[in-house]
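Structure assessment
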Amino acid sequence: MFDRALAGGGPLVVGARLDPAALSPSDGAPAAGTVPAVLRSLVRTAAPAAGNGTAGPVPLAQTLGALPEEERDGFVLRLVRAEAARVLGHASPDSVPRDRPLKELGFDSLTAVELRNRLGAQAGLKLPATLVFDHPTPLAISAFLRSQIAPEETDPAAALLAELDRIEETLVATALEAPLRDRVSQKLRDLTNRWEAPPDGAAAPDGVPPTEVVDVGDSIRSASRDELLSFIDTQLGRARR
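Just so we're clear, the structure is a prediction, and the values are computed from it rather than from any experiment.

Attention now moves to the overall build of the protein. Secondary structure summary: the protein contains eleven helices and zero strands in total. Its helices and strands in sequence order give the protein the pattern α-α-α-α-α-α-α-α-α-α-α, from N to C terminus. Here the analysis covers contacts within the protein between residues at least 6 apart in sequence; of these, 49% occur between residues at least 24 apart.

This is the structure:
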């Protein structure tokens, strides 16, 4: 071995006992994309057989979609802890506390990249190389993955109320001449009437007959300037509450 190292011409040679079979993809063994770069030349990967009908791994987003909402965070956390345990060579995810920094458990730059690769393959995402350092604990990593896989949807009611607040500020801050002000007022009347009118074929709110709803719209259209401003202040104020 010493003679071969001298004859090889490499700048740095290290003698190490390795089991290439353990690095090759198989049931329970790491996928080729998760093997550290320095060892990938030792891994032999078989080309997938064409038309064998073998299904690939289920995407994490699809797996989470089949779970109840209250179970999804726990599932991703278990996944992170399990992959971290595999990278460290531990037999059980229980050896990886959820709230302890992975660096304290022995992670370094190489193992951090390996964990990033494993989780990226599971999630179907291109994760940053600094994942473990930006999100140091399994709990933080799982929260990050959840935000990337299933971002929280914006509450449509909150977005609408925020838009109404913005419109109110614009109305208060804008001074318009009579013709333009009348056009804006008419637009507000039309929008309010459309908002409060029941959908086609639906019952009027609170048991009010449809004819009375139409009468309210007619009253808005014929309202004076002071009545209109009072109406706008009442409706927008109610929306903010």
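With 23 residues, the main nonpolar core has L102, L115, L119, I141 and L145 as its most contacted residues. Where this core is concerned, the elements lending two or more residues are α3 (60-65), α4 (69-88), α5 (109-123), α6 (131-134) and α7 (138-149). Broken down by element, this core gets its largest block of residues, six residues, from α4. Ignoring anything within four residues of it in the chain, the contact list for L145 reads V76, V80, L119 and L127.

The next point concerns the packing of α4 against α7. As a packed pair, α4 and α7 sit with axes 9 Å apart at the nearest point and diverge in direction by 125°. Comparing the axis directions of α4 and α7 gives the class oblique. Pair α4 / α7 crosses with right-handed handedness. Of α7, the residues touching α4 (which contributes E69, R72, D73, V76, L77, V80 and R81) are P138, L139, I141, S142, L145 and R146. Classifying every residue of the contact of α4 with α7 by side-chain character gives seven nonpolar, one polar and five charged.

So, on to the packing of α4 against α5. Remark: α4 packs on α5, axes separated minimally by 10 Å, with the N-to-C direction vectors making an angle of 135°. Judged on the interaxial angle alone, α5 and α4 are oblique. The element α4 and its partner α5 pack so that their crossing is right-handed. In contact with L79, V80, E83, A84, R86 and V87 of α4, α5 contributes T111, E114, L115, R118, L119 and Q122. Residues of the contact of α4 with α5, tallied by class, amount to six nonpolar, two polar and four charged.

Bringing the pattern of salt bridges into the picture now. Summed over the entire model, instances satisfying the criterion amount to eight salt bridges. Put simply, R146 and D73 hold a salt bridge, and the shortest N to O gap is 2.7 Å. Placement of R146 in helix α7 and of D73 in helix α4 is noted, with a sequence separation of 73 residues between them. Given a relative accessible area of 46%, D73 falls into the partly exposed group. Here the residues in one salt-bridge network are E69, R72, D73 and R146, joined through shared partners.

Moving on, we get to the side chain of R116. Turning to its location among the elements, R116 is positioned in helix α5. Buried within the structure, R116 lacks any salt-bridge partner; D134 is the closest side chain of opposite charge, at an N-O distance of 9.9 Å. Those residues in contact with R116 that lie beyond four places of it in its chain are L127, P128, A129 and L131.

So, about the confidence of the model for the protein. Here the protein averages 74 in pLDDT, and 58% of its residues register 70 or above. Taking the mean pLDDT of every element in the protein, the minimum, 51, falls on helix α10 (residues 210-221) and the maximum, 92, on α6. Counting contacts from residues 26-30, a segment whose pLDDT is below 50, to residues more than four positions away or on other chains yields eight contacts. With pLDDT under 50 throughout, residues 210-216 is counted as low confidence; its partners more than four residues away or in other chains account for eight contacts.

Our focus in this paragraph is α5. Taking 1.5 Å per residue as the helical rise, α5 with its 15 residues ought to reach 21 Å, and the 21 Å between its terminal C-alpha atoms agrees with that figure. Buried residues of α5: T111, A112, E114, L115, R116, N117, R118, L119, G120 and A123, and no others. Residues of α5 that are buried in the fold lie against α3, α4, α6 and α7. Two or three places before L110, at the start of α5, stands the capping residue D108, its side-chain oxygen 3.2 Å from that residue's backbone nitrogen. Just downstream of α5, G124 is the residue with a positive phi angle, here 70°.

Looking now at helix α9 (residues 178-196). In this model α9 runs 27 Å from its N-terminal to its C-terminal C-alpha over 19 residues, within 8% of the 27 Å that 1.5 Å per residue would give. Along α9, the positions that sit buried rather than exposed are S185, L188, R189, T192 and N193. All buried residues of α9 project into a common sector of 130° when viewed along the axis, lining one side. For α9, the exposed residues lying more than 90 degrees away from the buried face are P179, R183, K187, R194 and W195.

Analysis parameters
Residues numbered from 1 in each chain as written. Predicted model: local features only at pLDDT ≥ 70, side-chain atom pairs only at ≥ 80, totals over all residues. Heavy atoms only, no water. Helix = DSSP H or I, 4+ residues; strand = E, 2+ residues; numbered from the N terminus. Contact = heavy atoms within 4.5 Å. Core = buried A, V, L, I, M, F, W, Y, C linked by side-chain atoms within 4.5 Å. Buried < 20%, exposed > 50% of the residue type's maximum accessible area, 1.4 Å probe, protein only. Axes fitted to C-alpha atoms, helices over the stretch in contact; angles between N-to-C directions. Parallel < 35°, antiparallel > 145°, perpendicular 65-115°, else oblique. Left-handed = near helix turned anticlockwise from the far one by under 90°. Nonpolar A, V, L, I, M, F, W, Y, C, P; charged D, E, K, R; others polar. Salt bridge = Lys/Arg side-chain N within 4 Å of Asp/Glu carboxyl O. Lys, Arg positive; Asp, Glu negative; His and termini not counted. pLDDT = per-residue confidence, 0-100. Expected span 1.5 Å × (residues − 1). Polar contact = N/O pair within 3.5 Å; in protein donor to acceptor, adjacent residues only side chain to side chain. Arc of directions from axis to C-beta.

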